[in-house]
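Structure at a glance
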Amino acid sequence: MGKDDFVTLYFIVLGLIAVAYFVYSLMVEFETRRRQHKTITILSAVIIGTFMSLIALPAAVLIIPFIALIAFQNLRHTKVCVNCRKFIQSYNLRSMIVHGAKNKCLKCGSELEKVIPE
Ligand SMILES: [Zn+2]
């Protein structure tokens, strides 16, 4: 397989995963999505990292740490609103402006919780 074939395959796989995740998120319970958030984030980072390695191997040495960093930031900053059942990035600037605090839901204003409760 050539490099162009991997690029085409990457976008096909990424599109299929996006559609599958959208359907999945509509079908499963909020608590199940909440429990599986960490697994899905790490799995998507691995899939993207694998394809980046196949497409551009020398440059992937530079790209993979950034993919890992983005996955880590997603795990660290994503919070949930139990009231309206949304996943929210806690560094959302608009939320800070609208509600005055960064730990409030943008939609309903209630307190946000960590994805995985302690
Ligand atoms: Zn809310």
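To keep things clear, this report deals only with the structure shown in the data block. Because the structure is predicted, anything quoted here is derived from the model rather than measured.

**Focus on the coordination of the zinc ion**
- All of the protein donors around the zinc ion are C81 (SG), C84 (SG), C105 (SG) and C108 (SG); their distances to the metal are 2.2 to 2.3 Å.
- Coordination at the zinc ion is tetrahedral, judged from the 4 donor atoms that bind it and the angles of 100 to 126° they form at the metal.
- Spacing between the donor residues of the zinc ion along the chain follows C-x2-C-x20-C-x2-C. Of this pair, C81 sits in strand 1 (residues 78-81) while C108 sits in the loop between helix 4 (93-99) and strand 3 (113-114), and the two are 27 residues apart along the sequence.
- For C81, a relative accessible area of 0% gives the class buried.

**Regarding the packing of aromatic side chains**
- Across all of its chains, the model carries 4 aromatic pairs by this definition.
- With a centroid separation of 5.2 Å and an interplanar angle of 70°, the aromatic rings of Y10 and F11 are classed as edge-to-face.
- Residue Y10 is classed as buried on the basis of its relative accessible area, which comes to 9%.
- Relative accessible area serves as the criterion here: at 55%, F11 is assigned to the exposed category.
- Seen in terms of ring centroids, Y10 and F51 are 5.5 Å apart; in terms of plane orientation they differ by 55°. Their pairing is tilted. Of this pair, Y10 sits in helix 1 (residues 3-27) while F51 is found in helix 2 (residues 30-55), placing the two residues 41 residues apart along the sequence.
- Among the residues examined, F51 registers a relative accessible area of 11% and is labelled buried.
- By way of ring pairs, the aromatic residues Y10, F11 and F51 are connected into one cluster.

Here is what the cut-offs are and how they apply
Residues numbered from 1 in each chain as written. Predicted model: local features only at pLDDT ≥ 70, side-chain atom pairs only at ≥ 80, totals over all residues. Heavy atoms only, no water. Donors = N, O, S within 2.8 Å, 3.2 Å for Na, K, Ca; no water. Tetrahedral: all angles 85-135°; square planar, octahedral: opposite > 155°, others 65-115°. Helix = DSSP H or I, 4+ residues; strand = E, 2+ residues; numbered from the N terminus. Buried < 20%, exposed > 50% of the residue type's maximum accessible area, 1.4 Å probe, protein only. Phe/Tyr/Trp six-rings, centres within 6.5 Å; stacked < 30°, edge-to-face > 60°.

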